Amino acid sequence: MGFAAQRFNVNLSILFTELPLLERPAAAAAAGFTAVELWWPWVDSPTPEQSELDALRRALDGAGVRLTGLNFYAGRLPGPDRGALSIPGEESERFRANVDVVADFARSVGCTALNALYGNRVKGVDPAEQDALALENLVLAARAADRVGAILLVEALNKVESPLCPLVSAPAAVEVVDKVNRASGLGNARFLMDLYHLSMNGEDLPSVIERYTDRTGHVQIADNPGRGAPGTGSLPLADLLDQLGEAGYEGRVGLEYKPGDRPSAEAFEWLPREARGGR
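Peer 1: Whenever I open this one, the overall build of the chain confuses me. Can you help?
Peer 2: Within the chain, the secondary structure is distributed over 8 helices and 8 strands. Here the C-alpha coordinates of the chain stretch approximately 50 × 45 × 35 Å along the principal axes. Split into buried and exposed, the 279 residues of the chain put 56% on the buried side. Residue pairs at least 24 apart in sequence account for 76% of intrachain contacts in the chain once pairs closer than 6 positions are excluded. As displayed, the chain has an accessible area near 11400 Å², and 50% of this comes from carbon and sulfur atoms. Counting 27 positive and 38 negative side-chain charges, the chain places the averaged centre of each group 2 Å from the other.

Here it is, written out as structure tokens:
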């Protein structure tokens, strides 16, 4: 078992960022990977020009890699924002304008997992108002995802790095997943289980896996402390991924870690090259 038993994808918004966006798919392919994922690449624009979307699609096709996960517009990320969908006013409107853009692009490249980051609490705004807005927008996103044969992911972040975000535990994120599924009637909202964030929260990772694997649509990893590659911290990631597999998880594992003071291409020595491609 261990890492060789998993299917991985590389997050091109945290790895290979020393390269321009359109060069990253080929760099991931050169490192031996066949699948990638992305945060929303156009931080300042929820509705980029079609030519920019087409250029990214061509870069993915030309590299021979599949985009298996994509975030909706989430504000400034990396940066102070943690999502837009629960922020009243302009940010919520930007999220809504982005929903069909993401869904249509996902359909064009065969991407079947779309991640919607919840957003921070806003000073002076009733949390209940934000939660009602969030549910409304998440249902819109779930419907758009369903239209293109995708699932909607809801992620728990960590309270150390995201103190203003309310979804900073597995139970909090899964509760939102359940609310979205009840409200939409579609059942396509799923939990994004990021083992780094959950470990930063001090959660019991084996217990989280036991309780929530059946509602998990995607898994992401980085070691802790440091958010580096597996083996740079103290998390037993190979054992945790084995437990996920035994619990029935069959999806990919997103590599969402920092490469450290080296080129990203050198940050995969922990994973044999023959284990990097999809199966």
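Peer 1: Looking at this structure, I do not really get the nonpolar core. What am I missing?
Peer 2: One broad trend across soluble globular proteins is that nonpolar side chains are buried collectively. Of all hydrophobic cores here, the largest spans 93 residues; its most connected members are Phe8, Phe191, Met193, Leu255 and Phe268. Sort the elements by how many residues they give to this core and helix H3 (residues 90-109) lands first, with 8 residues. Look past the residues within four positions of Phe268 in its chain and what remains in contact with it is Val10, Leu15, Phe16, Ala31, Phe33, Leu255, Tyr257 and Arg276.

Peer 1: In this structure, what is going on with the packing of helix H2 (residues 50-63) against H3? I would like to understand it.
Peer 2: When two helices pack together, you describe them by how their axes are tilted relative to each other and by the distance separating the axes. Following both chains from N to C, one finds H2 and H3 inclined at 30 degrees, their axes separated by 11 Å at the closest point. Considered as vectors, H2 and H3 are oriented roughly parallel to each other. Considering the relative orientation of H2 and H3, their crossing is right-handed. Note on element contacts: H3 touches H2 through Val101, Phe105, Ser108 and Val109, opposite Leu53, Leu56, Arg57 and Leu60. Looking at the contact of H2 with H3, its residues break down into 6 nonpolar, 1 polar and 1 charged.

Peer 1: I tried to follow unusual backbone geometry on my own but got confused; where do I start?
Peer 2: What you tend to see is this: most non-glycine residues have negative phi, and most peptide bonds are trans. Following Leu77, the chain continues to Pro78 via a peptide bond in cis, the omega torsion being 0 degrees. Turning to its location among the elements, Pro78 is positioned in the loop between strand E3 (66-71) and H3. For the peptide bond that leads from Asn224 to Pro225, omega is 5 degrees, which places it in the cis range. As for its placement among the helices and strands, Pro225 is situated in the loop between strand E7 (216-221) and helix H8 (237-246). Phi at Phe16 is positive, roughly 65 degrees, even though this residue is not glycine. Secondary-structure assignment places Phe16 in the loop between strand E1 (8-11) and helix H1 (24-30).

Peer 1: Would you take a moment to explain the environment of Gln50 for this structure?
Peer 2: Considering the arrangement of structural elements, one finds Gln50 in helix H2. Considered as a pair, Gln50 and Ala28 are 22 residues apart in the sequence and their alpha carbons are 24 Å apart.

Peer 1: Sorry if this is basic, but what is going on with the pairing of E1 here?
Peer 2: Every other side chain in a regular strand lies on the same face of the sheet, so the side chains alternate between the two faces. Judged by which residues are buried, E1 turns out to be covered on both faces: Phe8 and Val10 on one side and Asn9 and Asn11 on the other are all buried. Alignment of E1 against strand E8 (residues 253-255), held across 3 bridges, turns out to be parallel. Looking at E8, one finds that Phe8 is bridged to Val253. Strand direction decides the pairing type here: E1 and strand E2 (residues 35-38), joined by 2 bridges, are parallel. Across the sheet, Val10 pairs through a bridge with Val36, a residue of E2. After leaving E1, the chain enters H1 and then returns to the sheet as E2, a path that is right-handed.

Peer 1: Would you mind showing me how to read H2 here?
Peer 2: Spacing of three or four residues puts side chains on the same side of an α-helix, whose turn is 3.6 residues. In a regular helix each residue adds 1.5 Å, so 14 residues correspond to 20 Å; H2 covers 20 Å between its end C-alpha atoms and thus fits that length. Positive phi shows up at Gly64, right after H2, with a value of about 75 degrees.

Peer 1: Explain the environment of Leu164 here, please?
Peer 2: The residue Leu164 is located in the loop between strand E5 (151-155) and helix H5 (170-184) in this model. Once the C-alpha coordinates of Leu164 and His218 are considered, the two residues, 54 residues apart in sequence, prove to be 24 Å apart. Beyond its immediate sequence surroundings of up to four residues, Leu164 is in contact with Asn120 and Arg121.

Cut-offs used in this document
- Sequence positions are assigned chain by chain, starting from 1 and proceeding in written order.
- Reporting in this predicted model follows two pLDDT cut-offs: at least 70 for local features of residues, and 80 or more for side-chain atom pairs to be given and counted; totals over whole chains, interfaces and linings ignore these cut-offs and use all residues.
- Side-chain numbers here rest on the full set of heavy atoms in the structure, without hydrogens or water.
- Put simply, DSSP marks the helices as runs of H or I at least four residues long and the strands as runs of E at least two long, and each gets a number from the N terminus on.
- With a 1.4 Å probe rolled over the protein chains alone, any residue whose accessible area is under 20% of its type maximum counts as buried; one over 50% counts as exposed, and the rest are partly exposed.
- The contact definition used throughout considers only heavy atoms, calling two residues in contact when any of these lie within 4.5 Å.
- Here, Shrake-Rupley sampling with a 1.4 Å probe gives the accessible areas, and only protein chains in the shown set may cover a residue.
- We score Asp and Glu as negative and Lys and Arg as positive, and we do not count His or the chain ends.
- To locate a charge, take atom NZ for lysine, CZ for arginine, CG for aspartate or CD for glutamate.
- In this text, buried Ala, Val, Leu, Ile, Met, Phe, Trp, Tyr and Cys residues form a nonpolar core when linked through side-chain atoms within 4.5 Å.
- In this analysis, axes come from line fits to C-alpha atoms, helices being fitted only over the stretch in contact, and the angle between any two N-to-C directions falls in the range 0 to 180 degrees.
- The cut-offs work like this: below 35 degrees is roughly parallel, past 145 is roughly antiparallel, 65 to 115 is roughly perpendicular, and the gaps in between are oblique.
- Left-handed describes a crossing whose near helix is turned anticlockwise from the far helix through less than a right angle; right-handed describes the clockwise counterpart.
- Under the convention adopted here, Pro, Cys and the residues Ala, Val, Leu, Ile, Met, Phe, Trp and Tyr are nonpolar, Asp, Glu, Lys and Arg are charged, and Gly plus all remaining residues are polar.
- Should DSSP find at least two bridges between two strands, the strands are taken to pair.
- Looking down the strands as they point away from you, a crossover is right-handed if its path from the first strand over the helix to the second goes clockwise.
- Helices are assigned an expected span. That span is 1.5 Å times one less than the residue count.

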